[in-house]
Amino acid sequence: MRGKIKIQIKNRHITFNFTLERNVTILTGDSGTGKTKLINMVRNYSELDEQSGVILKCSKPCLVLSNANWETILENTHESIVFVEESTPFLSSYEFAKAIQGSDNYYVLVTREPLAQIPYSIDAIRKIHKNGAKPKFEKIYKNISKKDISAFPYDIVIVEDSRSGLQFFKKATEDRDLECISSNGKSGIVKLLEQHKDQRILVIADAAALGSEIKELMYLRSVSNNKIDLFLPESFEWLILRSAIFDRNDNVQEILADPAEHIDCENYFSWERFFTALLVAETNGRANLEYHENKSHIPSGYLSEQNIYSILNAMKK
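Residues numbered from 1 in each chain as written. Predicted model: local features only at pLDDT ≥ 70, side-chain atom pairs only at ≥ 80, totals over all residues. Heavy atoms only, no water.

Quick notes on the overall build of the chain
Part 1 of the reasoning: For the chain, the count of helices and strands is 10 helices and 13 strands.
Part 2 of the reasoning: Sequence separation of 24 or more characterises 64% of the internal contacts of the chain that already satisfy a separation of 6 or more.
Part 3 of the reasoning: Total accessible area on the chain is roughly 15,500 Å²; 43% of this is exposed by carbon and sulfur atoms. (Helix = DSSP H or I, 4+ residues; strand = E, 2+ residues; numbered from the N terminus. Contact = heavy atoms within 4.5 Å. Areas by Shrake-Rupley, 256 points an atom, 1.4 Å probe, with all protein chains shown as cover.)

A short note on the environment of Asn67
Part 1 of the reasoning: Along the chain, the position of Asn67 falls in the loop between strand 5 (62-64) and helix 2 (70-75).
Part 2 of the reasoning: By relative accessible area, which is 46% here, Asn67 ends up partly exposed.
Part 3 of the reasoning: Note: C-alpha distance between Asn67 and Val84 (17 residues apart in sequence) is 9.4 Å. (Buried < 20%, exposed > 50% of the residue type's maximum accessible area, 1.4 Å probe, protein only.)

Some thoughts on the nonpolar core
Part 1 of the reasoning: Ranked by size, the top nonpolar core spans 42 residues in total, and within it Phe96, Leu109, Ile118, Leu193, Ile214 and Leu232 carry the most contacts.
Part 2 of the reasoning: Non-local contacts of Phe96, meaning those with residues more than four positions away in its chain, are made with Leu65, Trp70, Leu74, Val84, Phe90, Leu91, Tyr107, Leu109 and Ile118.
Part 3 of the reasoning: One finds Trp238, Trp271, Phe274 and Leu279 within the second-largest nonpolar core, a separate group that totals 32 residues. (Core = buried A, V, L, I, M, F, W, Y, C linked by side-chain atoms within 4.5 Å.)

Side note on unusual backbone geometry
Part 1 of the reasoning: Notably, Asn143 is not glycine yet its phi reads approximately 60°, a positive angle.
Part 2 of the reasoning: Summarising the element assignment, Asn143 is placed in the loop between strand 9 (136-139) and strand 10 (156-159).
Part 3 of the reasoning: Positive phi is not limited to glycine here, since Asn225 has a value of about 60°.

Comments concerning the packing of aromatic side chains
Part 1 of the reasoning: As enumerated under the stated definition, the model contains 10 aromatic pairs in all.
Part 2 of the reasoning: An angle of 55° between the planes, with centres 6.1 Å apart, marks the rings of Phe169 and Phe236 as tilted. In this pair, Phe169 is assigned in helix 4 (residues 164-172) and Phe236 in helix 7 (residues 236-241), connecting sequence segments 67 residues apart.
Part 3 of the reasoning: For Phe236, a relative accessible area of 5% corresponds to the buried category.
Part 4 of the reasoning: Ring centres of Tyr268 and Phe274 lie 5.3 Å apart, and the angle between their planes is 85°; this geometry places the pair in the edge-to-face category. (Phe/Tyr/Trp six-rings, centres within 6.5 Å; stacked < 30°, edge-to-face > 60°.)

Here we look at the pattern of salt bridges
Part 1 of the reasoning: Applying the stated criterion to the full structure yields 9 salt bridges.
Part 2 of the reasoning: With its nearest N and O atoms 2.9 Å apart, the salt bridge here joins Glu234 to Arg22. Here Glu234, found in the loop between strand 13 (228-231) and helix 7, pairs with Arg22, found in the loop between strand 2 (15-20) and strand 3 (24-28); they are 212 residues apart in sequence, far enough to count as distant. Each member of the pair, Glu234 as well as Arg22, carries the same accessibility label: buried.
Part 3 of the reasoning: Put simply, Glu79 and Lys60 hold a salt bridge, and the shortest N to O gap is 3.1 Å. With a gap of 19 residues between them, Glu79 in the loop between helix 2 and strand 6 (81-84) and Lys60 in the loop between strand 4 (55-58) and strand 5 connect regions that are remote in the sequence.
Part 4 of the reasoning: On the basis of relative accessibility, which here comes to 36%, the residue Glu79 falls in the partly exposed class.
Part 5 of the reasoning: By relative accessible area, Lys60 is classed as partly exposed at 23%.
Part 6 of the reasoning: Each of Arg22, Asp123, Lys139 and Glu234 takes part in a single network of salt bridges with overlapping partners. (Salt bridge = Lys/Arg side-chain N within 4 Å of Asp/Glu carboxyl O.)

Observations concerning the packing of helix 8 (residues 250-257) against helix 9 (residues 271-283)
Part 1 of the reasoning: It is the contact of helix 8 with helix 9, at a shortest axis distance of 11 Å, that shows an interaxial angle of 170°. In this view, helix 8 runs roughly antiparallel relative to helix 9, as classed from their interaxial angle. Contact residues: Asn251, Val252, Ile255 and Leu256 in helix 8; Phe274, Phe275, Leu278 and Glu282 in helix 9.
Part 2 of the reasoning: Considering only residue class, the contact of helix 8 with helix 9 consists of 6 nonpolar, 1 polar and 1 charged. (Axes fitted to C-alpha atoms, helices over the stretch in contact; angles between N-to-C directions. Parallel < 35°, antiparallel > 145°, perpendicular 65-115°, else oblique. Nonpolar A, V, L, I, M, F, W, Y, C, P; charged D, E, K, R; others polar.)

A short note on the pairing of strand 7 (residues 106-110)
Part 1 of the reasoning: When you tally the buried positions in strand 7, you get 5 out of 5 residues, the bulk of the element.
Part 2 of the reasoning: Along strand 7, one buried face is formed by Tyr106, Val108 and Val110 and the opposite face, lined by Tyr107 and Leu109, is buried too.
Part 3 of the reasoning: The pairing of strand 3 with strand 7 spans 4 bridges and is parallel. Residue pairing in the sheet places Thr25 in a bridge with Val108 of strand 7.
Part 4 of the reasoning: By the bridge criterion, 4 bridges tie strand 6 to strand 7 in an arrangement that is parallel. Across the sheet, Val82 pairs through a bridge with Tyr107, a residue of strand 7.
Part 5 of the reasoning: Crossover connection from strand 6 via helix 3 (residues 94-100) to parallel strand 7: handedness right-handed. (Pairing = 2+ DSSP bridges. Right-handed = clockwise from strand over helix to strand, strands pointing away.)

Remarks on helix 8
Part 1 of the reasoning: Residues of helix 8 that are buried: Val252, Ile255 and Leu256. One side of helix 8 holds all its buried residues, which, seen down the axis, span an arc of 100°. Residues of helix 8 that are exposed and point over 90 degrees away from its buried face: Asp250, Glu254 and Ala257.
Part 2 of the reasoning: Those residues of helix 8 hidden inside the fold are in contact with helix 7 and helix 9.
Part 3 of the reasoning: Put simply, Asn249 is the residue that caps the front of helix 8, since its side-chain oxygen is 3.1 Å from the backbone nitrogen of Asn251. (Arc of directions from axis to C-beta. Polar contact = N/O pair within 3.5 Å; in protein donor to acceptor, adjacent residues only side chain to side chain.)

Below, the structure written as structure tokens:
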């Protein structure tokens, strides 16, 4: 399944309108905002149809996955919108995380706790904003990423990547008096921030899979007295694809204009994996997209001096 999915759920008292752009959406927020009401309306409609007093409009089937026989139900559910409420015991389990990867469904997961076992984007974290009978779904983390980092007014740069991304940013910062180190994955960022809390820090990480860490990162930034900045592109490969290197590549430009319409969630659980595959495919001159999650690399020629500045300029877009 791919593309943006519009959903309307309503009864006599309330109407929810929202659009899902990714295969995993995290619905969070305080009690009393309408999360449970939404889940109950989907459940009632799936069990009783319009006799429930609920009207649900969506191009795909919608259901609530409960605790009873959830694995069997999920195995037999395809191209559907699957809702899971936060009180469901399996939501934070490794088994559930494994079961949904490779699935052709979209998921709306209601939780106030991070789900570290599931790679989800900071862009996919939403809350319900009360607005009378027509509450709105809002992105929580927007406009938080520094756009222009070319000045580098920092003491240290922490890069999530330990391979090509680290290589690039070390090259980009080599003529400045600052340290560029890897956190060796998203889970190591917080530890490094605590170790270097007296320094001015720039954190560079992939937004596409940083969802489970972003709440703590935002807290540390808020108490740092403006010593922490975040630069969170979709992924390093996405950043390269947006640079002038691919300005004349019509296939790449079409995909970047509307990624949701091109990313099949069954083949690419996260957008990060898709953009890695796209970059590998385009640099190898293939027209078709193949799955290269474990074979991805950035050809060394792409780290030339000219291309470094091209990619840096892409950060400002």
